[in-house]
Amino acid sequence: MSAQLSKEVTDRLRACLFVLAAFVTEGAAVAADLLGIAQPHLREGDSEPGFHSALVALGRTLKAAIDKLVDADMRLYAAVAAESALRKKYRDLTGKIGAQIVALRRTVIGQFVAPDLEGLGLQPLDARDSITIMRRAKLIIERFVAEILPALLGEALFAEAVDVGKHADEIRAAVEQVEDLNSQINEAKRRTAKARTIKNQAKEDYDKLFLRSARIFEDFCRYTGQEDLADQVRPSTRRPGRTEQEPGEVPDEVLEQIGELPQG
């Protein structure tokens, strides 16, 4: 199983493959037994019931539904991963801005006699969450381009003071990156929400189809006296999209036959 699949879809896939394997390996025999039971009751001119054709068609439909669900689940995984990566980048960048603010504060304190730290927006950061850091960064950017900046900085300690404006420019550049990231995150959230809606619909459609398909095959098996097989493919009433019993492993050669169902 792919590590990208959620557990709920992995469980459904295992159950679906097991039921499809039963269709492939036992369907023809079950259909033949059904036909044998029905044959004596056919009248002249009646068409022969296509039990096996019906099972093959159900198998194809069920496989298409699980394929759609698997695809939707993997697309949701990719969307969530992309959104998470952007959010991590956002946290890292705002953390960097917080460090830049601290560095700028130290520089100003070390270069000027009595700077107005509060007026400059350089009072100590009481919190290090992203919102607080971004608010403080925007305030600092505003103050460092204001005409009152020299008055806020006060008298320089040295004849050649460090260009504190350069530090403020670095913060400004980082803030612009964060704002761009915000737009990307909002778009990623929309993609994730859409992918989740698509997956939920695919899961709902699959669960309904699995219940009906597995129940039909279960009834066919019981009708022909194959109680063990009927119990194995019986759909769960407590766990949608899964069998009542834990599904067994499907041999590779049978998986290959299942893979050919859509082209059948």
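Details of the structure are given in the entry above.
The following paragraphs examine the structure supplied in this document. (Residues numbered from 1 in each chain as written. Predicted model: local features only at pLDDT ≥ 70, side-chain atom pairs only at ≥ 80, totals over all residues. Heavy atoms only, no water.)

Brief notes about the packing of helix H1 (residues 7–38) against helix H2 (residues 51–111)
Stage number 1. Between H1 and H2, whose axes approach to 8 Å, the crossing angle comes to 175°. By the angle class used here, H1 and H2 are roughly antiparallel.
Stage number 2. Residue classes in the contact of H1 with H2 are distributed as 18 nonpolar, three polar and three charged. (Axes fitted to C-alpha atoms, helices over the stretch in contact; angles between N-to-C directions. Helix = DSSP H or I, 4+ residues; strand = E, 2+ residues; numbered from the N terminus. Parallel < 35°, antiparallel > 145°, perpendicular 65-115°, else oblique. Nonpolar A, V, L, I, M, F, W, Y, C, P; charged D, E, K, R; others polar.)

Some thoughts on the nonpolar core
Stage number 1. Core analysis: the biggest nonpolar cluster contains 39 residues, and Leu 62, Tyr 206 and Phe 217 have the highest contact counts within it.
Stage number 2. Only H1, H2, helix H6 (164–223), helix H7 (227–233) and helix H8 (252–259) provide two or more residues apiece to this core.
Stage number 3. By residue number, the principal contributor to this core is H1, which donates 15 residues.
Stage number 4. Apart from the residues lying within four places of it in its own chain, the contact partners of Leu 62 are Cys 16, Val 19, Leu 20, Tyr 206, Leu 209, Phe 210 and Ser 213.
Stage number 5. Listed in part, the 30 residues of the second largest apolar core include Ile 97, Leu 120, Ala 137 and Ala 188. (Core = buried A, V, L, I, M, F, W, Y, C linked by side-chain atoms within 4.5 Å. Buried < 20%, exposed > 50% of the residue type's maximum accessible area, 1.4 Å probe, protein only. Contact = heavy atoms within 4.5 Å.)

Notes on helix H4 (residues 130–144)
Stage number 1. Here H4 is 15 residues long and its end C-alpha atoms lie 21 Å apart, about the 21 Å a rise of 1.5 Å per residue gives.
Stage number 2. What H4 keeps buried is the set Ser 130, Ile 133, Met 134, Arg 136, Ala 137, Ile 140, Ile 141 and Phe 144. Along H4, the residues classed as buried sweep out an arc of 165° about the axis, all on the same side. Exposed residues pointing more than 90 degrees away from the buried face of H4 are listed as Ile 131 and Arg 135.
Stage number 3. Looking at the buried residues of H4, the elements they touch are H2, helix H3 (117–120), helix H5 (149–153) and H6. (Expected span 1.5 Å × (residues − 1). Arc of directions from axis to C-beta.)

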